Amino acid sequence: MTASAQTSFLIRGGRVYDHDGDVHQPAVADLLINNGKIERVAPDIAPGPGVEIIEARGKLVVPGFVNAHYHSHDAMLKGMFEEMPFDIWALHTNAASYGRRSHQEIRLRTLIGAAEMLRNGITTVQDFLTLVPAEEAYLDTILSAYEEAGIRVVVGIAARDRAALDIAPLMAMDLPQSIRDRLTGVSRPAKQELDFIEAQMRRLGMYPRPLMTWAITPSAPQRCSPELLEGLAALSHKHNLPVFTHVYETRPQAAAARVQSSSLLDILNRAGLMNERLNLVHGVWLASSDIAMLAESGARVVHNPISNLKLKSGMAPILDLHDAGIPIALGCDNYSCAETQNIFVAMRMLCLLPAVTAYEPHLINAAYSLRAATLHGAKAVHLDGQVGRLKAGMAADLMILDLNEPAFVPLNSAVRQIVYAEAGRAVETVLVAGRPVVRDGKLVTVDEAALAAEAAELSPGLRREVAALAEKSADLIPPLLEGNRAAWKVVTGLERYVGRKER
Ligand SMILES: [Zn+2]
(Lines give C-alpha, C1' and ligand atoms only; values in the text may rest on other atoms or scores of the structure.)
Protein backbone atom coordinates (compact mmCIF):
# COMPACT_ATOMS: atom_id res chain seq x y z
CA MET A 1 0.00 0.00 0.00
CA THR A 2 1.47 3.39 -0.95
CA ALA A 3 1.46 6.28 1.50
CA SER A 4 -1.12 8.22 -0.50
CA ALA A 5 -3.56 5.31 -0.52
CA GLN A 6 -3.24 4.76 3.23
CA THR A 7 -6.59 5.51 4.89
CA SER A 8 -6.08 4.24 8.46
CA PHE A 9 -3.90 6.07 10.94
CA LEU A 10 -3.31 5.94 14.65
CA ILE A 11 -2.02 9.22 16.07
CA ARG A 12 -0.42 7.89 19.22
CA GLY A 13 0.40 9.40 22.56
CA GLY A 14 -0.20 13.10 21.86
CA ARG A 15 -1.97 15.63 24.00
CA VAL A 16 -5.35 16.10 22.29
CA TYR A 17 -6.90 19.56 22.44
CA ASP A 18 -10.52 19.56 23.58
CA HIS A 19 -12.42 22.88 23.66
CA ASP A 20 -14.47 21.56 26.59
CA GLY A 21 -11.63 19.81 28.43
CA ASP A 22 -8.45 21.04 30.11
CA VAL A 23 -7.32 23.65 27.59
CA HIS A 24 -4.10 24.33 29.50
CA GLN A 25 -2.85 20.76 29.98
CA PRO A 26 -4.77 18.69 27.41
CA ALA A 27 -5.03 15.01 28.27
CA VAL A 28 -2.94 12.43 26.42
CA ALA A 29 -4.95 10.21 24.08
CA ASP A 30 -4.74 8.31 20.81
CA LEU A 31 -6.80 9.12 17.73
CA LEU A 32 -7.86 6.34 15.40
CA ILE A 33 -8.60 7.61 11.91
CA ASN A 34 -10.36 5.66 9.23
CA ASN A 35 -11.57 6.74 5.79
CA GLY A 36 -11.19 10.45 6.48
CA LYS A 37 -12.90 10.47 9.86
CA ILE A 38 -11.93 10.26 13.49
CA GLU A 39 -13.22 6.88 14.60
CA ARG A 40 -12.13 6.91 18.25
CA VAL A 41 -10.35 9.16 20.73
CA ALA A 42 -9.15 7.21 23.77
CA PRO A 43 -5.99 6.30 25.67
CA ASP A 44 -3.96 3.31 24.48
CA ILE A 45 -5.84 2.24 21.35
CA ALA A 46 -4.34 -0.96 19.93
CA PRO A 47 -3.47 -0.53 16.26
CA GLY A 48 -5.21 -3.03 14.00
CA PRO A 49 -3.63 -4.46 10.84
CA GLY A 50 -2.89 -1.98 8.04
CA VAL A 51 -2.95 1.03 10.36
CA GLU A 52 -0.06 3.50 9.99
CA ILE A 53 1.16 4.89 13.29
CA ILE A 54 1.92 8.58 13.60
CA GLU A 55 3.92 9.10 16.79
CA ALA A 56 2.69 12.14 18.71
CA ARG A 57 4.37 11.72 22.10
CA GLY A 58 5.52 15.18 23.27
CA LYS A 59 3.23 16.76 20.70
CA LEU A 60 -0.10 18.55 20.69
CA VAL A 61 -2.97 17.57 18.40
CA VAL A 62 -5.21 20.54 17.53
CA PRO A 63 -8.29 20.87 15.27
CA GLY A 64 -7.44 22.38 11.87
CA PHE A 65 -8.26 26.07 11.45
CA VAL A 66 -11.01 27.51 9.25
CA ASN A 67 -9.92 30.58 7.29
CA ALA A 68 -13.36 32.12 6.85
CA HIS A 69 -12.32 34.97 4.57
CA TYR A 70 -9.83 34.81 1.73
CA HIS A 71 -9.51 35.82 -1.92
CA SER A 72 -7.06 33.71 -3.91
CA HIS A 73 -6.78 35.95 -6.96
CA ASP A 74 -3.92 38.17 -5.81
CA ALA A 75 -1.62 35.70 -4.07
CA MET A 76 1.10 36.77 -6.51
CA LEU A 77 0.80 40.38 -5.28
CA LYS A 78 1.98 39.87 -1.70
CA GLY A 79 4.41 42.53 -0.57
CA MET A 80 3.51 44.93 -3.38
CA PHE A 81 1.57 47.61 -1.49
CA GLU A 82 1.54 49.51 1.76
CA GLU A 83 0.30 52.80 3.18
CA MET A 84 -2.85 52.63 1.08
CA PRO A 85 -6.28 53.30 2.58
CA PHE A 86 -8.91 50.86 1.28
CA ASP A 87 -10.13 52.65 -1.86
CA ILE A 88 -6.64 53.46 -3.09
CA TRP A 89 -5.61 49.85 -2.49
CA ALA A 90 -8.76 48.71 -4.37
CA LEU A 91 -7.80 50.89 -7.32
CA HIS A 92 -4.34 49.29 -7.47
CA THR A 93 -5.45 45.70 -6.99
CA ASN A 94 -8.74 45.48 -8.89
CA ALA A 95 -8.50 42.18 -10.81
CA ALA A 96 -10.30 43.73 -13.80
CA SER A 97 -7.37 46.14 -14.26
CA TYR A 98 -4.95 43.24 -14.77
CA GLY A 99 -6.77 41.62 -17.66
CA ARG A 100 -6.62 37.98 -18.67
CA ARG A 101 -4.12 35.77 -16.82
CA SER A 102 -2.55 32.51 -17.97
CA HIS A 103 -3.78 29.20 -16.59
CA GLN A 104 -0.25 28.62 -15.35
CA GLU A 105 -0.43 31.76 -13.22
CA ILE A 106 -3.91 30.95 -11.93
CA ARG A 107 -2.85 27.46 -10.89
CA LEU A 108 0.32 28.83 -9.32
CA ARG A 109 -1.37 31.56 -7.30
CA THR A 110 -4.01 29.13 -6.03
CA LEU A 111 -1.30 26.68 -4.93
CA ILE A 112 0.79 29.39 -3.27
CA GLY A 113 -2.15 30.31 -1.04
CA ALA A 114 -3.15 26.70 -0.36
CA ALA A 115 0.44 25.74 0.47
CA GLU A 116 0.89 28.49 3.04
CA MET A 117 -2.47 27.76 4.61
CA LEU A 118 -1.75 24.06 5.04
CA ARG A 119 1.71 24.76 6.43
CA ASN A 120 0.01 27.04 8.98
CA GLY A 121 -2.61 24.50 10.03
CA ILE A 122 -5.50 25.92 8.01
CA THR A 123 -7.45 22.92 6.76
CA THR A 124 -10.57 24.71 5.45
CA VAL A 125 -10.73 27.94 3.48
CA GLN A 126 -13.60 30.04 2.18
CA ASP A 127 -12.30 31.38 -1.11
CA PHE A 128 -14.33 34.46 -2.07
CA LEU A 129 -13.30 34.00 -5.66
CA THR A 130 -12.78 36.98 -7.94
CA LEU A 131 -12.97 35.35 -11.36
CA VAL A 132 -11.90 37.70 -14.16
CA PRO A 133 -13.12 37.02 -16.76
CA ALA A 134 -15.87 34.73 -15.46
CA GLU A 135 -15.07 31.59 -17.43
CA GLU A 136 -15.57 27.93 -16.60
CA ALA A 137 -12.03 26.99 -17.60
CA TYR A 138 -10.56 29.41 -15.03
CA LEU A 139 -12.81 28.04 -12.31
CA ASP A 140 -11.75 24.50 -13.20
CA THR A 141 -8.06 25.43 -13.02
CA ILE A 142 -8.57 26.86 -9.52
CA LEU A 143 -10.56 23.88 -8.26
CA SER A 144 -7.98 21.46 -9.67
CA ALA A 145 -5.15 23.33 -7.95
CA TYR A 146 -6.98 23.14 -4.62
CA GLU A 147 -7.63 19.46 -5.17
CA GLU A 148 -3.95 18.94 -5.88
CA ALA A 149 -2.98 20.71 -2.63
CA GLY A 150 -5.53 18.71 -0.64
CA ILE A 151 -7.18 21.54 1.32
CA ARG A 152 -10.91 21.69 2.06
CA VAL A 153 -12.52 24.60 0.18
CA VAL A 154 -15.83 26.42 0.38
CA VAL A 155 -15.99 28.14 -3.00
CA GLY A 156 -17.91 31.34 -3.61
CA ILE A 157 -17.90 33.14 -6.94
CA ALA A 158 -17.85 36.87 -6.11
CA ALA A 159 -20.83 38.63 -7.66
CA ARG A 160 -21.34 42.33 -8.31
CA ASP A 161 -23.12 44.29 -11.02
CA ARG A 162 -22.13 47.82 -9.93
CA ALA A 163 -18.49 48.61 -10.58
CA ALA A 164 -18.09 51.97 -8.80
CA LEU A 165 -15.49 52.35 -6.05
CA ASP A 166 -17.26 52.45 -2.68
CA ILE A 167 -16.01 55.95 -2.05
CA ALA A 168 -17.56 57.38 -5.28
CA PRO A 169 -20.57 59.04 -3.55
CA LEU A 170 -18.15 61.08 -1.42
CA MET A 171 -15.95 62.32 -4.22
CA ALA A 172 -15.91 66.03 -5.09
CA MET A 173 -18.79 67.13 -7.34
CA ASP A 174 -16.47 69.12 -9.60
CA LEU A 175 -14.21 66.19 -10.57
CA PRO A 176 -13.65 66.04 -14.34
CA GLN A 177 -15.91 63.46 -15.98
CA SER A 178 -12.86 61.57 -17.28
CA ILE A 179 -11.70 60.92 -13.71
CA ARG A 180 -15.22 60.15 -12.51
CA ASP A 181 -15.58 57.53 -15.27
CA ARG A 182 -12.41 55.79 -14.16
CA LEU A 183 -13.67 55.62 -10.58
CA THR A 184 -17.05 54.23 -11.52
CA GLY A 185 -15.97 51.55 -14.04
CA VAL A 186 -18.40 49.55 -16.12
CA SER A 187 -21.43 47.89 -14.56
CA ARG A 188 -22.55 44.43 -15.61
CA PRO A 189 -26.04 42.93 -15.96
CA ALA A 190 -27.28 41.14 -12.82
CA LYS A 191 -28.66 38.30 -14.93
CA GLN A 192 -25.24 37.55 -16.40
CA GLU A 193 -23.73 37.23 -12.91
CA LEU A 194 -26.53 35.00 -11.65
CA ASP A 195 -26.61 32.84 -14.77
CA PHE A 196 -22.90 32.10 -14.53
CA ILE A 197 -23.07 31.06 -10.87
CA GLU A 198 -26.15 28.90 -11.40
CA ALA A 199 -24.60 27.30 -14.46
CA GLN A 200 -21.50 26.31 -12.46
CA MET A 201 -23.61 24.76 -9.72
CA ARG A 202 -25.56 22.79 -12.33
CA ARG A 203 -22.42 21.72 -14.16
CA LEU A 204 -20.33 20.74 -11.11
CA GLY A 205 -23.06 19.76 -8.65
CA MET A 206 -23.22 20.74 -4.99
CA TYR A 207 -19.86 19.05 -4.30
CA PRO A 208 -17.74 20.41 -7.15
CA ARG A 209 -14.79 18.26 -5.97
CA PRO A 210 -14.50 15.74 -3.12
CA LEU A 211 -13.51 18.30 -0.44
CA MET A 212 -15.44 21.24 -1.85
CA THR A 213 -18.78 22.89 -1.26
CA TRP A 214 -20.29 26.22 -2.35
CA ALA A 215 -20.92 29.55 -0.70
CA ILE A 216 -22.84 32.53 -2.06
CA THR A 217 -20.69 35.66 -2.17
CA PRO A 218 -22.22 39.02 -3.15
CA SER A 219 -19.24 41.39 -3.12
CA ALA A 220 -21.02 43.99 -0.95
CA PRO A 221 -24.59 45.35 -0.66
CA GLN A 222 -23.61 48.66 -2.28
CA ARG A 223 -21.94 46.84 -5.19
CA CYS A 224 -25.03 44.82 -6.09
CA SER A 225 -28.48 45.71 -7.47
CA PRO A 226 -31.57 44.50 -5.57
CA GLU A 227 -32.17 42.09 -8.46
CA LEU A 228 -28.74 40.50 -8.02
CA LEU A 229 -29.03 40.28 -4.22
CA GLU A 230 -32.50 38.74 -4.45
CA GLY A 231 -31.27 36.19 -6.98
CA LEU A 232 -28.35 35.26 -4.72
CA ALA A 233 -30.64 35.04 -1.68
CA ALA A 234 -32.87 32.64 -3.62
CA LEU A 235 -29.86 30.45 -4.47
CA SER A 236 -28.72 30.41 -0.84
CA HIS A 237 -32.24 29.47 0.26
CA LYS A 238 -32.74 26.80 -2.41
CA HIS A 239 -29.48 24.98 -1.70
CA ASN A 240 -29.06 25.97 1.97
CA LEU A 241 -25.73 27.67 1.27
CA PRO A 242 -23.79 30.04 3.54
CA VAL A 243 -23.55 33.66 2.39
CA PHE A 244 -20.51 35.91 2.81
CA THR A 245 -20.49 39.61 1.97
CA HIS A 246 -18.29 42.60 2.79
CA VAL A 247 -20.22 45.01 5.00
CA TYR A 248 -19.12 48.30 6.56
CA GLU A 249 -15.44 47.59 6.16
CA THR A 250 -14.43 51.25 5.95
CA ARG A 251 -15.35 54.69 7.17
CA PRO A 252 -16.16 55.87 3.59
CA GLN A 253 -18.59 52.94 3.18
CA ALA A 254 -20.40 53.92 6.38
CA ALA A 255 -20.34 57.61 5.43
CA ALA A 256 -21.62 56.92 1.90
CA ALA A 257 -24.51 54.86 3.32
CA ARG A 258 -25.43 57.78 5.58
CA VAL A 259 -25.13 60.37 2.80
CA GLN A 260 -27.44 58.22 0.66
CA SER A 261 -29.75 57.43 3.60
CA SER A 262 -29.46 53.75 2.84
CA SER A 263 -28.52 51.26 5.55
CA LEU A 264 -26.49 48.38 4.13
CA LEU A 265 -28.21 45.97 6.52
CA ASP A 266 -31.62 47.16 5.34
CA ILE A 267 -30.52 46.41 1.79
CA LEU A 268 -29.56 42.87 2.80
CA ASN A 269 -32.80 42.51 4.75
CA ARG A 270 -34.99 43.61 1.84
CA ALA A 271 -33.20 41.10 -0.41
CA GLY A 272 -33.95 38.27 2.05
CA LEU A 273 -30.35 37.81 3.14
CA MET A 274 -30.55 38.69 6.85
CA ASN A 275 -30.73 35.24 8.35
CA GLU A 276 -28.59 32.60 10.06
CA ARG A 277 -26.86 31.69 6.78
CA LEU A 278 -25.34 35.19 6.56
CA ASN A 279 -21.74 36.08 7.47
CA LEU A 280 -20.80 39.75 7.48
CA VAL A 281 -17.17 40.16 6.55
CA HIS A 282 -15.31 42.96 8.44
CA GLY A 283 -18.20 44.86 10.08
CA VAL A 284 -15.77 47.49 11.39
CA TRP A 285 -18.34 50.30 11.07
CA LEU A 286 -21.46 48.53 12.32
CA ALA A 287 -23.56 50.85 14.51
CA SER A 288 -25.22 49.55 17.67
CA SER A 289 -28.58 49.36 15.85
CA ASP A 290 -26.89 47.22 13.15
CA ILE A 291 -25.41 44.95 15.81
CA ALA A 292 -28.85 44.46 17.38
CA MET A 293 -30.34 43.63 13.98
CA LEU A 294 -27.51 41.22 13.28
CA ALA A 295 -27.97 39.46 16.62
CA GLU A 296 -31.69 39.13 15.91
CA SER A 297 -31.02 37.55 12.50
CA GLY A 298 -28.63 34.86 13.78
CA ALA A 299 -25.89 36.00 11.41
CA ARG A 300 -22.16 36.00 12.24
CA VAL A 301 -19.21 38.32 11.67
CA VAL A 302 -15.92 37.31 10.07
CA HIS A 303 -13.18 39.38 11.65
CA ASN A 304 -10.08 40.17 9.56
CA PRO A 305 -7.86 42.05 11.99
CA ILE A 306 -4.76 42.29 9.79
CA SER A 307 -6.36 43.70 6.65
CA ASN A 308 -8.54 46.04 8.73
CA LEU A 309 -5.37 47.59 10.12
CA LYS A 310 -3.21 47.42 7.02
CA LEU A 311 -5.88 49.25 4.98
CA LYS A 312 -6.47 51.71 7.82
CA SER A 313 -10.12 50.65 8.14
CA GLY A 314 -10.11 50.80 11.93
CA MET A 315 -10.86 48.50 14.84
CA ALA A 316 -13.96 46.25 14.60
CA PRO A 317 -16.33 46.47 17.62
CA ILE A 318 -15.42 42.99 18.84
CA LEU A 319 -16.59 43.40 22.43
CA ASP A 320 -19.95 44.88 21.36
CA LEU A 321 -20.48 42.00 18.92
CA HIS A 322 -19.59 39.47 21.59
CA ASP A 323 -21.85 41.15 24.16
CA ALA A 324 -24.71 40.94 21.66
CA GLY A 325 -24.12 37.19 21.34
CA ILE A 326 -22.84 37.32 17.78
CA PRO A 327 -20.28 34.60 17.04
CA ILE A 328 -17.01 35.83 15.55
CA ALA A 329 -15.12 33.77 12.97
CA LEU A 330 -11.66 34.64 11.65
CA GLY A 331 -10.25 35.36 8.22
CA CYS A 332 -6.88 36.36 6.79
CA ASP A 333 -8.18 38.20 3.69
CA ASN A 334 -6.21 38.90 0.48
CA TYR A 335 -2.49 38.62 0.09
CA SER A 336 -2.31 42.13 -1.42
CA CYS A 337 -3.68 43.67 1.81
CA ALA A 338 -2.63 41.20 4.50
CA GLU A 339 0.39 39.32 3.03
CA THR A 340 -0.03 36.10 5.00
CA GLN A 341 -2.54 33.33 5.60
CA ASN A 342 -1.93 32.79 9.28
CA ILE A 343 -4.73 32.14 11.77
CA PHE A 344 -2.28 32.08 14.70
CA VAL A 345 -1.70 35.78 14.04
CA ALA A 346 -5.42 36.47 13.53
CA MET A 347 -6.27 34.75 16.86
CA ARG A 348 -3.65 36.82 18.66
CA MET A 349 -5.01 40.04 17.16
CA LEU A 350 -8.58 39.06 18.08
CA CYS A 351 -7.52 38.79 21.72
CA LEU A 352 -5.23 41.80 21.85
CA LEU A 353 -7.08 44.43 19.83
CA PRO A 354 -9.97 45.05 22.27
CA ALA A 355 -7.44 46.58 24.70
CA VAL A 356 -7.16 49.52 22.32
CA THR A 357 -10.56 50.72 23.52
CA ALA A 358 -11.35 48.75 26.70
CA TYR A 359 -9.30 48.50 29.87
CA GLU A 360 -11.50 46.04 31.81
CA PRO A 361 -10.88 42.28 31.64
CA HIS A 362 -13.14 40.68 29.03
CA LEU A 363 -14.13 37.30 27.63
CA ILE A 364 -12.24 37.39 24.33
CA ASN A 365 -9.47 35.17 25.67
CA ALA A 366 -7.26 32.51 24.10
CA ALA A 367 -9.82 29.71 24.48
CA TYR A 368 -12.48 31.89 22.85
CA SER A 369 -10.09 32.77 20.07
CA LEU A 370 -9.34 29.12 19.31
CA ARG A 371 -13.09 28.43 19.16
CA ALA A 372 -13.47 31.35 16.77
CA ALA A 373 -10.73 29.88 14.54
CA THR A 374 -12.33 26.43 14.48
CA LEU A 375 -15.96 26.04 15.64
CA HIS A 376 -17.24 29.47 14.62
CA GLY A 377 -15.50 29.20 11.27
CA ALA A 378 -17.01 25.75 10.77
CA LYS A 379 -20.47 27.14 11.46
CA ALA A 380 -19.85 30.05 9.10
CA VAL A 381 -19.07 27.73 6.18
CA HIS A 382 -21.80 25.20 7.08
CA LEU A 383 -19.39 22.51 8.22
CA ASP A 384 -20.39 22.53 11.87
CA GLY A 385 -20.56 19.04 13.29
CA GLN A 386 -17.98 18.02 10.67
CA VAL A 387 -14.81 20.02 11.42
CA GLY A 388 -13.46 22.06 14.34
CA ARG A 389 -13.35 19.40 17.08
CA LEU A 390 -11.36 16.24 17.66
CA LYS A 391 -14.19 13.83 18.45
CA ALA A 392 -15.37 10.52 17.06
CA GLY A 393 -17.44 11.05 13.92
CA MET A 394 -15.77 14.34 12.98
CA ALA A 395 -13.61 14.70 9.86
CA ALA A 396 -9.91 14.09 10.56
CA ASP A 397 -8.89 17.72 9.86
CA LEU A 398 -6.12 18.45 12.32
CA MET A 399 -2.57 19.57 12.96
CA ILE A 400 0.15 18.18 15.19
CA LEU A 401 2.35 20.76 16.92
CA ASP A 402 5.86 20.01 18.15
CA LEU A 403 5.96 20.95 21.83
CA ASN A 404 9.76 21.16 21.78
CA GLU A 405 9.49 24.36 19.73
CA PRO A 406 10.37 27.52 21.72
CA ALA A 407 6.76 28.73 21.81
CA PHE A 408 5.81 25.77 24.00
CA VAL A 409 8.82 25.49 26.31
CA PRO A 410 7.83 25.14 29.09
CA LEU A 411 4.24 24.08 28.49
CA ASN A 412 2.22 26.08 31.01
CA SER A 413 -0.93 26.54 28.97
CA ALA A 414 -1.49 24.91 25.59
CA VAL A 415 -4.22 27.33 24.55
CA ARG A 416 -2.46 30.51 25.62
CA GLN A 417 0.79 29.45 24.01
CA ILE A 418 -0.99 28.49 20.77
CA VAL A 419 -2.60 31.93 20.64
CA TYR A 420 0.05 34.25 22.11
CA ALA A 421 3.33 32.47 21.34
CA GLU A 422 3.03 30.29 18.25
CA ALA A 423 3.07 31.57 14.66
CA GLY A 424 3.15 28.36 12.62
CA ARG A 425 6.69 27.06 13.09
CA ALA A 426 5.57 24.24 15.38
CA VAL A 427 3.16 22.82 12.77
CA GLU A 428 4.73 19.47 11.98
CA THR A 429 1.94 17.35 10.53
CA VAL A 430 -1.41 18.32 9.00
CA LEU A 431 -4.23 16.01 7.98
CA VAL A 432 -7.22 17.02 5.87
CA ALA A 433 -10.01 14.46 5.71
CA GLY A 434 -7.61 11.90 7.14
CA ARG A 435 -4.96 12.47 4.49
CA PRO A 436 -1.53 13.71 5.59
CA VAL A 437 -0.81 16.83 3.52
CA VAL A 438 2.05 18.17 5.66
CA ARG A 439 4.69 15.93 7.24
CA ASP A 440 7.86 17.03 9.04
CA GLY A 441 6.81 20.62 8.38
CA LYS A 442 6.77 20.18 4.58
CA LEU A 443 3.95 19.85 2.13
CA VAL A 444 3.71 16.36 0.72
CA THR A 445 1.09 17.13 -1.94
CA VAL A 446 2.91 19.94 -3.75
CA ASP A 447 6.60 20.51 -4.48
CA GLU A 448 7.22 23.79 -2.66
CA ALA A 449 10.62 24.40 -4.26
CA ALA A 450 9.10 24.03 -7.72
CA LEU A 451 6.34 26.49 -6.72
CA ALA A 452 8.93 29.02 -5.58
CA ALA A 453 10.89 28.63 -8.81
CA GLU A 454 7.79 29.10 -10.94
CA ALA A 455 6.73 32.13 -8.90
CA ALA A 456 10.17 33.68 -9.32
CA GLU A 457 9.83 33.26 -13.07
CA LEU A 458 6.43 35.03 -13.27
CA SER A 459 6.83 37.74 -10.64
CA PRO A 460 9.09 40.22 -12.51
CA GLY A 461 6.40 40.55 -15.22
CA LEU A 462 3.74 41.12 -12.59
CA ARG A 463 5.84 43.72 -10.82
CA ARG A 464 6.09 45.60 -14.12
CA GLU A 465 2.29 45.43 -14.51
CA VAL A 466 1.77 46.74 -10.97
CA ALA A 467 4.16 49.62 -11.65
CA ALA A 468 2.41 50.48 -14.93
CA LEU A 469 -1.00 50.48 -13.26
CA ALA A 470 0.30 52.64 -10.41
CA GLU A 471 1.62 55.16 -12.92
CA LYS A 472 -1.69 55.22 -14.77
CA SER A 473 -3.61 55.67 -11.49
CA ALA A 474 -1.35 58.29 -9.91
CA ASP A 475 -3.63 61.25 -10.76
CA LEU A 476 -6.57 59.53 -9.00
CA ILE A 477 -4.84 59.37 -5.63
CA PRO A 478 -5.24 63.04 -4.56
CA PRO A 479 -9.02 63.05 -5.27
CA LEU A 480 -9.37 59.71 -3.48
CA LEU A 481 -7.57 61.04 -0.42
CA GLU A 482 -9.90 64.07 -0.58
CA GLY A 483 -12.86 61.66 -0.66
CA ASN A 484 -11.48 59.92 2.42
CA ARG A 485 -11.27 63.24 4.22
CA ALA A 486 -14.83 64.04 3.14
CA ALA A 487 -15.91 60.77 4.72
CA TRP A 488 -14.49 62.02 8.01
CA LYS A 489 -16.79 65.03 7.87
CA VAL A 490 -19.88 62.82 7.82
CA VAL A 491 -21.06 62.18 11.36
CA THR A 492 -21.47 58.47 12.09
CA GLY A 493 -21.48 58.51 15.88
CA LEU A 494 -18.90 55.69 15.78
CA GLU A 495 -15.33 55.66 17.03
CA ARG A 496 -13.09 53.06 15.50
CA TYR A 497 -9.74 54.83 15.94
CA VAL A 498 -8.27 55.63 19.32
CA GLY A 499 -8.20 59.33 20.05
CA ARG A 500 -9.89 60.31 16.77
CA LYS A 501 -13.07 62.23 17.54
CA GLU A 502 -15.67 63.27 14.97
CA ARG A 503 -15.81 66.98 14.38
ZN1 LIG B 1 -12.59 40.39 1.24
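Engineer: Just checking my understanding: could you explain the coordination of the zinc ion for this structure?
Structural biologist: For a metal with four tetrahedral donors the ideal donor-metal-donor angle is 109.5 degrees, whereas six octahedral donors ideally subtend 90 or 180 degrees. Taken together, the protein ligands of the zinc ion are His69 (NE2), His71 (NE2) and His246 (NE2), with distances of 2.0 to 2.1 Å. Between consecutive donors of the zinc ion, the numbers of intervening residues give the motif H-x1-H-x174-H. Of this pair, His69 sits in strand β6 (residues 65-70) while His246 sits in strand β10 (residues 243-247), and the two are 177 residues apart along the sequence. For His69, a relative accessible area of 0% puts it in the buried group. Accessibility expressed as a relative area gives 7% for His246, which makes it buried.

Engineer: Can you help me understand helix α6 (residues 226-239) in this one?
Structural biologist: Quick reminder: α-helices carry 3.6 residues per turn. Residues three or four places apart thus point the same way. With 14 residues, α6 should reach 20 Å at 1.5 Å per residue; the first-to-last C-alpha distance of 20 Å fits that figure. Of all the residues in α6, the buried ones are Leu228, Leu229, Leu232, Ala233, Leu235 and Ser236. Along the axis of α6, the buried residues cluster in a sector spanning 160 degrees; they form a single face. The outward face of α6, more than 90 degrees from its buried face, is lined by the exposed residues Pro226, His237 and Lys238.

Engineer: Help me understand helix α1 (residues 86-93), please; the structure alone is not making it clear to me.
Structural biologist: With eight of eight residues buried, α1 is to be regarded as a mostly interior element. Those residues of α1 not exposed but buried are Phe86, Asp87, Ile88, Trp89, Ala90, Leu91, His92 and Thr93. Tucked into the core, α1 has its buried residues touching α7 (251-259), α12 (335-338), α16 (448-473) and α17 (477-489).

Reading guide: rules and limits
- Residues numbered from 1 in each chain as written.
- Predicted model: local features only at pLDDT ≥ 70, side-chain atom pairs only at ≥ 80, totals over all residues.
- Heavy atoms only, no water.
- Donors = N, O, S within 2.8 Å, 3.2 Å for Na, K, Ca; no water.
- Helix = DSSP H or I, 4+ residues; strand = E, 2+ residues; numbered from the N terminus.
- Buried < 20%, exposed > 50% of the residue type's maximum accessible area, 1.4 Å probe, protein only.
- Expected span 1.5 Å × (residues − 1).
- Arc of directions from axis to C-beta.
- Contact = heavy atoms within 4.5 Å.

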